[in-house]
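Understanding the architecture of this molecule
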Amino acid sequence: MSIIAFDLPEKSDLTIRNSLLAFLKRPRDYKNKYLQAHFKNAFDGYSYMGQKDSLNQYDTDLLHSFVLSEFHDTEDFPQEFQGFLTNEWPELRAIVRAIELRIINELDTPFKQLYEADKMGYMMSCNYYPKPKAGLSEGQNNLRLSAHPDVSLLTTFPYGVSKGLSYFDDNKRFEVGEKKGPISFFGYFANFFSNGAIEPLEHQVESPKDFDIERFSFALFSIPKPDSTFTIGDREITGKDYYMQYLSLF
């Protein structure tokens, strides 16, 4: 299984895009108050280009990101995101949950029990890729974001995606291209919970040929709640245990 697309209405990312840009324009000292090290749960917080201790990108990746989630109070996040979190975040989570349940019900997957037991939660990765600089645009193997599987059960781009995203299937690379409507794909937790029955999608973001192109992406990840417990084989683990298992891949 690779990219899953639905014929659903397009949604505007204007609010969250403006929120992210407003945060990134703030002084470095302000932004550093919201680094991932200052948050207690999951992957929340700010990661900058060149950072060596980010939990969700390599220091060679050419982007800035901020991860928001339901695992912290809204007030814990920067003021720039407050409007989005108050007015749009609840509805967006509901839309993505409906997409995921549709996928799970239509495909032969073992994941419905996780939703029925309320073990899954949501985080959102807000990503900004600056215009590349000549001589610095190649990153790692001409990539803006290195190839990886996501931590999620399912990853959903509710606003669609712009050009640059590609993925691997049977060791072949495929370009996703521009998509206006939402798309989803399975992450590493799908593989982990299904004991390898479902392969996670290995994907990356490639550098553009045009140095004058910046890029945004906004993805929701369904992940086990940090303190939820579930059984894999003959052992019981928590969401936090799973996060460590995922991070050990890198």
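For the structure itself, consult the block above.
This write-up is about the structure you can find in this document. Because the structure is a prediction, the values reported are computed rather than measured.

Digging into the sheet that holds strand β9 (residues 183-186)
As summarised here, the arrangement of the seven strands in space is β1-β9-β6-β11-β4-β3-β2, forming an open sheet in which the pairing is antiparallel. Only two strands of the sheet have a single partner each, and these edge strands are β1 (4-5) and β2 (45-47).

With respect to the nonpolar core
With 71 residues, the main nonpolar core has Phe 66, Met 124 and Tyr 242 as its most contacted residues. When residues in this core are grouped by element, the largest group, seven residues, is from strand β4 (residues 120-129). With residues up to four places along the chain from it excluded, the contact list for Met 124 reads Ile 16, Phe 66, Val 67, Leu 68, Phe 84, Trp 89, Leu 92, Tyr 159, Phe 218, Ala 219 and Leu 220.

Points about the environment of Thr 155
If you trace the backbone, Thr 155 turns up in strand β6 (residues 154-157). Residue class for Thr 155 comes out buried when judged on its relative accessible area of 0%. Sequence separation between Thr 155 and Ile 99 is 56 residues, and the spatial gap between their C-alpha atoms is 11 Å. What Thr 155 contacts, discounting residues up to four positions off in sequence, is Asp 150, Ile 183, Ser 184, Phe 185, Ala 219, Leu 220 and Phe 221. A polar side-chain atom of Thr 155 sits 2.8 Å from a polar atom in the side chain of Asp 150.

With respect to helix α7 (residues 239-247)
Of all the residues in α7, the buried ones are Gly 239, Tyr 242, Tyr 243 and Tyr 246. Looking straight down α7, one finds its buried side chains confined to an arc of 105 degrees; they lie on one side. If you follow the buried residues of α7, they end up packed against β5 (143-148), α6 (188-193), β11 (215-224), β12 (229-232) and β13 (235-238).

With respect to the side chain of Ser 69
Position of Ser 69 among the secondary structure elements: in strand β3 (residues 64-69). Polar contacts involving the side chain of Ser 69 include one to the side chain of Asp 44, which spans 2.6 Å. A distance of 2.9 Å separates the side chain of Ser 69 from the backbone nitrogen of Phe 71, its partner in a polar contact.

A few points about a nonpolar patch on the surface
Judged by side-chain polarity, Tyr 58, Leu 249 and Phe 250 come together as a nonpolar surface patch covering roughly 280 Å² of accessible area. Tracing the backbone shows Leu 249 in the segment after α7. A relative accessible area of 40% means that Leu 249 is categorised as partly exposed.

Digging into the pattern of salt bridges
This model, assessed by the stated rule, comprises ten salt bridges. Across the pair Arg 17 and Asp 13 runs a salt bridge whose closest N-O atoms are separated by 3.1 Å. Overall, the relative accessible area of 29% leaves Arg 17 in the partly exposed class. When the shortest N-O distance is used, the salt bridge between Glu 106 and Arg 102 registers 3.3 Å. Remark: Arg 102 and Glu 106 occur in helix α4 (residues 89-106); sequence separation between them is four residues, near one turn of the helix. Given a relative accessible area of 55%, Glu 106 falls into the exposed group. The partly exposed category is assigned to Arg 102, whose relative accessible area is 39%.

Analysis parameters
Residues numbered from 1 in each chain as written. Predicted model: local features only at pLDDT ≥ 70, side-chain atom pairs only at ≥ 80, totals over all residues. Heavy atoms only, no water. Pairing = 2+ DSSP bridges. Helix = DSSP H or I, 4+ residues; strand = E, 2+ residues; numbered from the N terminus. Core = buried A, V, L, I, M, F, W, Y, C linked by side-chain atoms within 4.5 Å. Buried < 20%, exposed > 50% of the residue type's maximum accessible area, 1.4 Å probe, protein only. Contact = heavy atoms within 4.5 Å. Polar contact = N/O pair within 3.5 Å; in protein donor to acceptor, adjacent residues only side chain to side chain. Arc of directions from axis to C-beta. Patch = residues over 30% accessible without salt bridge, like charges linked within 9 Å, V, L, I, M, F, W, Y side chains within 5 Å. Areas by Shrake-Rupley, 256 points an atom, 1.4 Å probe, with all protein chains shown as cover. Salt bridge = Lys/Arg side-chain N within 4 Å of Asp/Glu carboxyl O.

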